[in-house]
Amino acid sequence: MNTNRLSDPIAKALNDQMTNEAHNAQIYLSYAAWASDKGYDGIANFLFRHSNEERNHMMKFLEYILKRGGKVVVTAIPAPGPNPVSVNDCFEKIFSSEVENTAKIYNIVDLSLQEKDWATWNFMQWFVKEQTEEETLALNLLDKIKIAGGVKASGDALYNLDRDLEKTPDDAVLAQDKSAVNP
């Protein structure tokens, strides 16, 4: 008996996204190692935590495919690309990567809507919110780096940013969670 409830296009898109999440984990891991090598242990800690978060996203896709009776296809993970040349470059690359990932998530949402695969559409809503958080967090960090001087940030400013990032929460506060009582 065939228990697969995923169409071939949706199964492929989900498997591709599973690999993309693994790729994103590698990007964060690579940048964390770069930051650690440069002496930015707080930034490295923040990036290592995000690498683990991306691996968890990968596992969510894997588990969902299995639970829907689909076939998981594990493929090679692309290399993360060149190391950043500065802290500013690091977070610009992270922001770009998150924006690309959001577009891929939206494509799966769109496909599930077209196919009226409401289970997949519902599953993907968690990722829509997660990507909003990821982009917001990256933008907030870029704003902090900009205030610190951007590409020309001083050693003192980067030292303080490094210390702050060690304790920075992994989730950003979203506009949808704000109100007139809690701006």
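Let me begin by describing the structure that accompanies this report. (Residues numbered from 1 in each chain as written. Predicted model: local features only at pLDDT ≥ 70, side-chain atom pairs only at ≥ 80, totals over all residues. Heavy atoms only, no water.)

**Considerations on the overall build of the chain**
Phase 1: A tally of helices and strands in the chain yields 5 helices and 0 strands.
Phase 2: For the chain, the succession of helices and strands along the chain, N to C, is α-α-α-α-α.
Phase 3: The C-alpha extent of the chain, read off along each of the three principal axes, is 65 × 45 × 20 Å.
Phase 4: For the chain, with 183 residues in total, the buried portion stands at 44%.
Phase 5: Residue pairs in contact within the chain that sit at least 24 positions apart in sequence constitute 82% of those at least 6 positions apart.
Phase 6: Total accessible area computed for the chain in this model is approximately 10000 Å², and 55% of it derives from carbon and sulfur atoms.
Phase 7: Across the chain, the 19 positively charged side chains and the 27 negatively charged ones have centroids separated by 2 Å. (Helix = DSSP H or I, 4+ residues; strand = E, 2+ residues; numbered from the N terminus. Buried < 20%, exposed > 50% of the residue type's maximum accessible area, 1.4 Å probe, protein only. Contact = heavy atoms within 4.5 Å. Areas by Shrake-Rupley, 256 points an atom, 1.4 Å probe, with all protein chains shown as cover. Lys, Arg positive; Asp, Glu negative; His and termini not counted. Charge placed at Lys NZ, Arg CZ, Asp CG, Glu CD.)

**Focus on the packing of helix H1 (residues 8-37) against helix H3 (residues 87-115)**
Describing two packed helices takes the angle between their axes plus the distance from one axis to the other.
Phase 1: Remark: H1 packs on H3, axes separated minimally by 11 Å, with the N-to-C direction vectors making an angle of 170°. Between H1 and H3, the angle falls in the class roughly antiparallel.
Phase 2: Per-class residue counts for the contact of H1 with H3 are 14 nonpolar, 6 polar and 5 charged. (Axes fitted to C-alpha atoms, helices over the stretch in contact; angles between N-to-C directions. Parallel < 35°, antiparallel > 145°, perpendicular 65-115°, else oblique. Nonpolar A, V, L, I, M, F, W, Y, C, P; charged D, E, K, R; others polar.)

**Points about the side chain of Asn-24**
Phase 1: Tracing the sequence through the fold places Asn-24 in helix H1.
Phase 2: Those residues within four positions of Asn-24 in sequence are excluded, and the remaining contacts are Glu-54, Ser-97 and Asn-101.

**Structural notes on the packing of helix H2 (residues 41-67) against helix H5 (residues 155-167)**
Phase 1: Interhelical geometry of H2 versus H5 gives an angle of 35° and a closest axis separation of 6 Å. In this structure, the crossing between H2 and H5 has a hand that is left-handed. Facing H2, whose interface residues are Asp-41, Gly-42, Ile-43, Asn-45, Phe-46 and Arg-49, H5 presents Asp-162, Leu-165 and Glu-166.
Phase 2: Within the contact of H2 with H5, the residues separate by chemical class into 3 nonpolar, 2 polar and 4 charged. (Left-handed = near helix turned anticlockwise from the far one by under 90°.)

**Quick notes on the side chain of His-57**
Phase 1: Topologically, His-57 is positioned in helix H2.
Phase 2: Reaching out from His-57, the side chain makes a polar contact with the side chain of Glu-130 at a distance of 3.5 Å. (Polar contact = N/O pair within 3.5 Å; in protein donor to acceptor, adjacent residues only side chain to side chain.)

**Overview of empty space enclosed by the protein**
Phase 1: Per the stated rule, a full pass over the model turns up 1 cavity of 30 Å³ or more.
Phase 2: Reported here for the largest cavity is a volume of approximately 60 Å³.
Phase 3: Along the walls of the largest cavity sit Tyr-28, Phe-46, His-50, Phe-91, Ile-94, Glu-98, Glu-134, Leu-137, Ala-138 and Leu-141, which together make up its complete lining.
Phase 4: Elements supplying a minimum of two residues to the lining of the largest cavity: H2, H3 and helix H4 (118-148).
Phase 5: If you tally residues by element for the lining of the largest cavity, the top one is H4, at 4 residues. (1 Å grid on protein atoms, 1.4 Å probe; cavity = no way out; pocket = protein on both sides within 12 Å on 5 of 7 lines; lining within 4 Å. Points joined across faces, edges and corners; volume = space filled by probe spheres on them.)

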